[in-house]
Amino acid sequence: MKKAIFPGSFDPLTLGHVDIIERGVTVFDELVIAIGINADKKYMFTLEERKKFIEETFKHEPKIKVVTYKGLTVNFCREINANFILRGLRNPADFEFEKAIAHTNRKLSEIETVFLLTSSGKSYISSSIVRDVIRNDGDYTGLVPEAVRVK
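This structure is a prediction, so every number in the text was calculated from the model and none was measured. (Residues numbered from 1 in each chain as written. Predicted model: local features only at pLDDT ≥ 70, side-chain atom pairs only at ≥ 80, totals over all residues. Heavy atoms only, no water.)

**Q** Give me the layout of surface pockets: which residues, what numbers.
**A** Counted as a void, the largest pocket has a volume near 1100 Å³. Listing elements by their share of the lining of the largest pocket, those giving two or more residues are strand 1 (3–8), helix 1 (15–24), strand 4 (84–89), helix 4 (92–108), strand 5 (112–117) and helix 5 (127–135). The element contributing the most residues to the lining of the largest pocket is helix 4, with eight residues. Here the lining of the largest pocket is built from residues that sort into 16 nonpolar, 17 polar and seven charged. (1 Å grid on protein atoms, 1.4 Å probe; cavity = no way out; pocket = protein on both sides within 12 Å on 5 of 7 lines; lining within 4 Å. Points joined across faces, edges and corners; volume = space filled by probe spheres on them. Helix = DSSP H or I, 4+ residues; strand = E, 2+ residues; numbered from the N terminus. Nonpolar A, V, L, I, M, F, W, Y, C, P; charged D, E, K, R; others polar.)

Below you can see the structure in the form of structure tokens.
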């Protein structure tokens, strides 16, 4: 069975994330959306809200499971017997950053990282941009799935 995790903070879940998840679920038998917990990071949305956004968005997809985790992603992969880490790439800067992490993860374990390019119509969307739009009372509804719009 091909089991992958898609790790992130998902603060909030965006249409860019949804794009990668919807395409990733066609590649793997099981896709675990893994919300990382970082005590040093300030989040706009609570862990419970972020988990709910994802669960609501993918409630009809039986191959998707939503969990939270702490620590190294490769250790969590071992814990749940995941063979792959799924990552989305929006631009060359993402690739350089993600490549370094993938090489490190490969050095620490046998976990393979699989990259999917975000669809061109969504490649400009990032959680940090969405948070900025929300903070400044802008219309963020075209950047996030319905579950986030009803916050």
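Still more to cover.
**Q** A description of the UniProt feature "site: Transition state stabilizer" (unreviewed entry) in the chain should follow, citing residues and the corresponding values.
**A** The UniProt record annotates "site: Transition state stabilizer" (unreviewed entry) at H17. With respect to the helices and strands, the residue H17 is situated in helix 1. Classification of H17 by relative accessible area gives buried; the value is 17%. When residues no more than four places from it in sequence are discounted, the contact partners of H17 are F6, F10, P12 and S127. Reaching out from H17, the side chain makes a polar contact with the backbone nitrogen of T14 at a distance of 2.9 Å. (UniProt positions renumbered as here; feature names shortened; annotations may be inferred. Buried < 20%, exposed > 50% of the residue type's maximum accessible area, 1.4 Å probe, protein only. Contact = heavy atoms within 4.5 Å. Polar contact = N/O pair within 3.5 Å; in protein donor to acceptor, adjacent residues only side chain to side chain.)

**Q** Would you mind going over the packing of aromatic side chains in detail, with residue names and values included?
**A** Tallied over the full model, the rule gives five aromatic pairs. Ring geometry for F28 and F84: centres 5.4 Å apart, planes at 45°, overall tilted. Placement of the pair is F28 in the loop between helix 1 and strand 2 (30–36) and F84 in strand 4, with a sequence separation of 56 residues. Considered together, F28 and F84 belong to a single accessibility category, that of buried residues. Where Y69 meets F76, the ring centres are 4.8 Å apart and the plane angle is 15°; that geometry is what we call stacked. (Phe/Tyr/Trp six-rings, centres within 6.5 Å; stacked < 30°, edge-to-face > 60°.)

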